[in-house]
Amino acid sequence: MIKIVIFTALLISSSVAQEIYATFNVKADREANLVLSATGLVKKIHVDVGDSVKKGEILLELDSDDLKTSVTLAKKKIELASVNLRYAKKAYERFSKVKEVVDAGEFDKYASAYERAKIDLSNAKANLAYKRALLDKTRLKAPFSGVIASKDIEIGDGVSAAKMGTLFRLITPDKQKLVVLIDEKYWQKLKVGQSFFYSVDGKKYKMESKISKIYPSIDPKRRAITIEMPTKGLKVGLFGQGKLKVD
């Protein structure tokens, strides 16, 4: 009888969920340190800290007058190449109709001129695309809709493509996530969907979320595994603590 009672007690204790203490940081669900891959002086800044921006919105522009001029010239070259191609095509078509009665060398001259004209137009279009790409690199655009969390640049500052320094930090304001560190010894107990009860003010753990992501590797410096879970209504950068319930 005693053995049965002890065995039953062991079964009950083993079925009770274990609580693991953990700390966490609140991060934006999506965030990015924005940089430019071009070199130049800042001419315009269109946003400030706290501003809401839409995806694709221009945040900053470098001085790019020389590139704008080169784009204009590239467009002119396309116009000229288009005219040359039009005339070369007419000449080729005209001689094609009398190909059998004209000198073969003469016909080949017009055929070659037509082919060169087509290549010249193609090259002109490629050159315009290249110039536009260079110009586009002088404009920093928002990769997603969000809020400017920090700004580390002013009008007149120099930007270096070699250093790639952060100019703005962009975050999503409406959604956050908890980035939680769990001691590595518990890694086999972690499962997506487990409940985490937490607080950011040192009081009783009143809020609850569930594991949405478990990182595939252990942090060798902290000897901990990182997990994530969604939250909202919290300030990015907050620190808190909680308890994770595992089987």
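In every chain, residue numbers begin from 1 and rise along the written sequence. Local features are withheld for residues below a pLDDT of 70 in this predicted model, meaning they are given only at 70 or higher, and side-chain atom pairs are given and counted only at 80 or more; totals for whole chains, interfaces and linings count all residues. For side-chain calculations, the full set of non-hydrogen atoms in the structure is used, while hydrogens and water are omitted.

Draft legend 1. Spatial organisation of the nonpolar core. Put simply, a nonpolar core is a bunch of buried Ala, Val, Leu, Ile, Met, Phe, Trp, Tyr and Cys residues held in one set by side-chain atoms that sit within 4.5 Å of each other. Between buried and exposed lies partly exposed: a residue is buried under 20% and exposed over 50% of the maximum accessible area for its type, with that area taken using a 1.4 Å probe on protein chains only. Among the nonpolar cores identified, the biggest contains 19 residues, and Leu59, Leu60, Leu140, Ile153, Leu167 and Phe168 are the most heavily contacted of them. A run of H or I in DSSP becomes a helix once it reaches four residues, and a run of E becomes a strand once it reaches two; helices and strands are each numbered from the N terminus. Going through the elements one at a time, strand S3 (40–45), strand S5 (58–62) and strand S9 (168–171) are the ones with two or more residues in this core. The leading source of residues in this core is S5, at three residues. Any pair of residues with heavy atoms lying within 4.5 Å of one another is described as a contacting pair. Those residues in contact with Phe168 that sit more than four places away from it in its chain are Ala32, Asn33, Leu34, Ile45, Val47, Leu59, Leu60, Leu140, Ile148, Ser150, Lys151 and Ile153. By size, the runner-up hydrophobic cluster in this structure holds 18 residues, among which are Ile182, Tyr186, Leu244 and Val246.

Draft legend 2. How the structure looks around the sheet that holds strand S2 (residues 31–34). DSSP bridges decide pairing: two strands pair if at least two such bridges lie between them. An order of S2-S9-S7-S4 is seen for the four strands of this open sheet, with the pairing classed as antiparallel. In this open sheet, the two edge strands, each paired with only one partner strand, are S2 and strand S4 (52–53). In this structure, S4 lies alongside strand S7 (residues 146–151), joined through two bridges in antiparallel fashion. Bridge pairing in S7 links Val53 to Gly146.

Draft legend 3. Looking closely at the sheet that holds strand S1 (residues 18–28). One open sheet accounts for seven strands, arranged S12-S11-S15-S1-S10-S14-S13; its pairing is antiparallel. Looking at which strands have only one partner, the edges of the open sheet turn out to be strand S12 (207–210) and strand S13 (213–219). Ignoring strand direction, the axes of neighbouring strands in this sheet form an average angle of 30°. The pairing of strand S11 (residues 195–199) with S12 spans four bridges and is classified as antiparallel. Across the sheet, Ser195 pairs through a bridge with Lys210, a residue of S12. To get an axis, a line is fitted to the C-alpha atoms, and for a helix only the part in contact is used. The angle between two axes follows their N-to-C directions and goes from 0 to 180 degrees.

Draft legend 4. Representation of the side chain of Glu228 within the structure. Note on placement: Glu228 falls in strand S14 (residues 224–231). Polar contacts here mean pairs of N or O atoms no more than 3.5 Å apart (in protein, one a potential hydrogen donor and the other a potential acceptor; neighbouring residues in sequence count only if both atoms are side-chain atoms). At 2.4 Å, the side chain of Glu228 forms a polar contact with the side chain of Tyr215. In contact with Glu228, not counting residues within four places along its chain, are Lys177, Leu178, Val179, Lys210, Ile211, Ser212, Lys213 and Tyr215.

Draft legend 5. Quick look at the confidence of the model for the protein chain. The predictor's confidence in any single residue is recorded as pLDDT, a number from 0 to 100. Model confidence for the protein chain is summarised by a mean pLDDT of 88, while 91% of its residues fall at 70 or above. Note on residues 2–15: pLDDT under 50 across the span, and zero contacts to partners over four residues away in sequence or across chains.

Draft legend 6. The arrangement of the packing of helix H2 (residues 65–97) against helix H3 (residues 104–136) in detail. For the pair H2 and H3, the least separation of the axes is 8 Å and the interaxial angle reads 160°. Here H2 lies roughly antiparallel to H3, going by the angle between them. H3 is crossed by H2, and the crossing has left-handed handedness. When grouped by side-chain class, the residues that make up the contact of H2 with H3 number 21 nonpolar, five polar and 10 charged. Oblique is the label for every angle not falling under 35 degrees (roughly parallel), over 145 degrees (roughly antiparallel), or within 65 to 115 degrees (roughly perpendicular). Handedness of each helix crossing follows the sense of rotation of the near helix against the far helix: counterclockwise by less than a right angle gives left-handed, clockwise gives right-handed. Under this grouping Gly is polar, as are all residues other than the nonpolar Ala, Val, Leu, Ile, Met, Phe, Trp, Tyr, Cys and Pro and the charged Asp, Glu, Lys and Arg.

Draft legend 7. Spatial organisation of the pairing of S1. Bridging between S1 and strand S15 (residues 239–246) involves eight bridges; their strand directions are antiparallel. Bridging from a neighbouring strand, Gln18 pairs with Val246 of S15. Of the strand pairs in this sheet, S1 and strand S10 (residues 176–183) are connected by six bridges, and their pairing is antiparallel. Across the sheet, the residue bridging to Val26 is Leu178, located in S10.

Draft legend 8. Structural context of the pattern of salt bridges. The salt bridge definition used is simple: a Lys or Arg side-chain nitrogen within 4 Å of an Asp or Glu carboxyl oxygen. Throughout the structure, instances matching the rule amount to 10 salt bridges. Glu19 is the salt-bridge partner of Lys243, the closest N and O atoms lying 3.8 Å from each other. With Lys243 in strand S15 and Glu19 in strand S1, this pair connects stretches of sequence that are 224 residues apart. For Lys151, the salt bridge is made with Glu154, and the minimal N-O distance between the two is 2.9 Å. Taken together, the shared-partner salt bridges in this structure form one network comprising Lys177, Lys213 and Glu228.

Draft legend 9. View of the packing of aromatic side chains. When the centres of two rings from Phe, Tyr and Trp lie within 6.5 Å, Trp using its six-membered ring, the rings pair. Their planes under 30 degrees apart give stacked, over 60 give edge-to-face, and anything left gives tilted. Using the criterion set out here, one finds four aromatic pairs in the structure. Here the aromatic rings of Phe196 and Tyr198 are separated by 5.9 Å at their centres, their planes lie at 10°, and the arrangement is stacked. When its relative accessible area of 3% is taken as the criterion, Tyr198 is described as buried. Criterion for a charge above a ring: Arg CZ or Lys NZ at most 6 Å from the ring centre, at most 35 degrees from the ring normal. We note Lys90 situated over the ring of Tyr87; from NZ or CZ to the ring centre the distance is 6.0 Å. One Lys or Arg, Lys118, reaches over the ring of Tyr114 and ends 4.6 Å from the middle of that ring.

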